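# Geometric and topological summary
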Amino acid sequence: LAFGRRGHAAAFGLSLVVMIAALGAIAVAWQASPHAVGGLLAVDGFTLFAQALIIASSLVVVLISFGYLQKRPGEGGEYYFLLVLATLGACILASSSSFVSLFLGLELLSTALFTLIAYRKERASGAQAGFMYLILAGVSSAFLLFGMALAYLDTGSLEVARMTQALATGPLGLLSLAGLGFMAVGIGFKLALVPFHFWTPDIYDAAPAPVTGFIASVSKGAMAVFLVRFFGPAGVAAAGSYALVFAIISGLSMFVGNLLALRESRIKRVLAYSSIAQLGYILIAFVAGGSQAAVTVSFYLVAYFASTLGAFSAITALSGSEGDLDELEQYRSLASRHPGMAAGLTVALFSLAGLPLTAGFMGKFMIFNAGEGAFLWVLAVLLAVNSTISIFYYLRIVSLMYRPREEARHAAPVPGSEAAPDAVSSAASAGGSPGNFSLAALALGITVVVTVLLGILPQPLVSLIRTLVTGN
């Protein structure tokens, strides 16, 4: 369907079938785990859980993409093909047990992503962002490859387990230490951690809203899952002096992400800087290590995926054919026009802020416990401080949505628009097709249910993850 004459609806339907079939295949593979595939992929409970999370999140992106593309010129077959390809790359990355499969999965993901970022041909900024991502992906891959080569020279193997064993049993050789450093640079680019974060806001801002949601969740989450496997139960602490480097990167990512988000006036750029801070929080669990590190990271990824995809589902539903609904002022008085969308977006933002009764709160609580349990008091305090800072810019968006409708009528026009914010956002949402609004609303509803349910009853998922990761 990606080539020749094809229909948008057919490509969308086939993508749904492929995603659902993949989830079914994971359920079948669950009975046969654990085992290895040619020394390249690990198939165990943790891997299958991560792959199920990746595919389910991609399924949400497919849902919100249908109406988004339907309103825009051109066919959508290539888009869905690329999205499925990117999902496959993320699944390979998450299950990699060899540096060979790591590189293959990463390149498959990156190649599909830079095309998806530039998919809207009518926007020059999209083409520029796609080219930027292509260059940065090449640079980060070069660092990764050189680091893998150095590790291979020292250990004589490309198996991730060999490096994990070397980390756990004693001090690394000089070549392995250097290789780990180069790989950390490449991984830092992929996760957009400080000081490798500079590309994030421009890419998020220029990419189509559904693609941005995919990058923020699936793309980064797959690499985080690989890191859990790479460092093993010992965590980053086994890497000796590198543990301090990771701790500093964690603290800087939290502060830089949250402080820069305070000054932004575009919602996708706010979420871009927010994602930098969120990955900084996750690094605390890696630095802490221990048997519960993988459980903590896995639960936090579920909470982060649900919250992020919920926010981008709302943004996609409210975006019109002329462009994404991106300016914060365009969300003024949204609750009076679309109360359901406003409520769903509020839940997503509250979860990202880590407010009680949301999945984000439980995730941050678990990360705080991991840091405190490993006596990482400085990082635990930084987590609490930065969570407080983040509340300000999340609540700023929420307060705009619940302003009285009369304020929007008298507000100044949004820069670059000749209409008042109320008119701009009304036109954007009204310009969407019913299919777009209903499918995106369905996706938003699913993410809201997951976010609230995990905030109230997190224990079943925590127990499931613990069983899959530790076998207990």
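Residues numbered from 1 in each chain as written. Predicted model: local features only at pLDDT ≥ 70, side-chain atom pairs only at ≥ 80, totals over all residues. Heavy atoms only, no water.

Close contact between helix α11 (residues 267–288) and helix α16 (residues 377–401) brings their axes to 11 Å; oriented N to C, the two are set at 160°. Between α11 and α16, the interaxial angle falls into the category roughly antiparallel. When the axes of α11 and α16 are compared, the crossing they make is left-handed. Side by side, α11 and α16 meet where Ile-267, Val-270, Ser-274, Gln-278, Tyr-281, Ile-284 and Val-287 of the first sit next to Leu-379, Leu-383, Asn-386, Ser-387, Ser-390, Tyr-393, Tyr-394, Arg-396 and Ile-397 of the second. (Axes fitted to C-alpha atoms, helices over the stretch in contact; angles between N-to-C directions. Helix = DSSP H or I, 4+ residues; strand = E, 2+ residues; numbered from the N terminus. Parallel < 35°, antiparallel > 145°, perpendicular 65-115°, else oblique. Left-handed = near helix turned anticlockwise from the far one by under 90°. Contact = heavy atoms within 4.5 Å.)

Quick look at the pattern of salt bridges now. Inspection of every chain in the model, using the stated rule, returns six salt bridges. Between Arg-266 and Asp-205 there is a salt bridge, and its shortest N-O distance comes to 3.0 Å. With a gap of 61 residues between them, Arg-266 in the loop between α10 (242–261) and α11 and Asp-205 in helix α8 (residues 200–206) connect regions that are remote in the sequence. With a relative accessible area of 16%, Asp-205 lands in the buried category. A single network of salt bridges, built from pairs that share partners, joins Asp-205, Arg-266, Asp-326 and Glu-327. (Salt bridge = Lys/Arg side-chain N within 4 Å of Asp/Glu carboxyl O. Buried < 20%, exposed > 50% of the residue type's maximum accessible area, 1.4 Å probe, protein only.)

Among the structural elements, Thr-47 can be located in helix α2 (residues 45–70). The exposure class of Thr-47 is buried, given its relative accessible area of 1%. Apart from residues no more than four positions distant in its own chain, Thr-47 is found in contact with Ala-42, Ala-94, Ser-95 and Arg-229.

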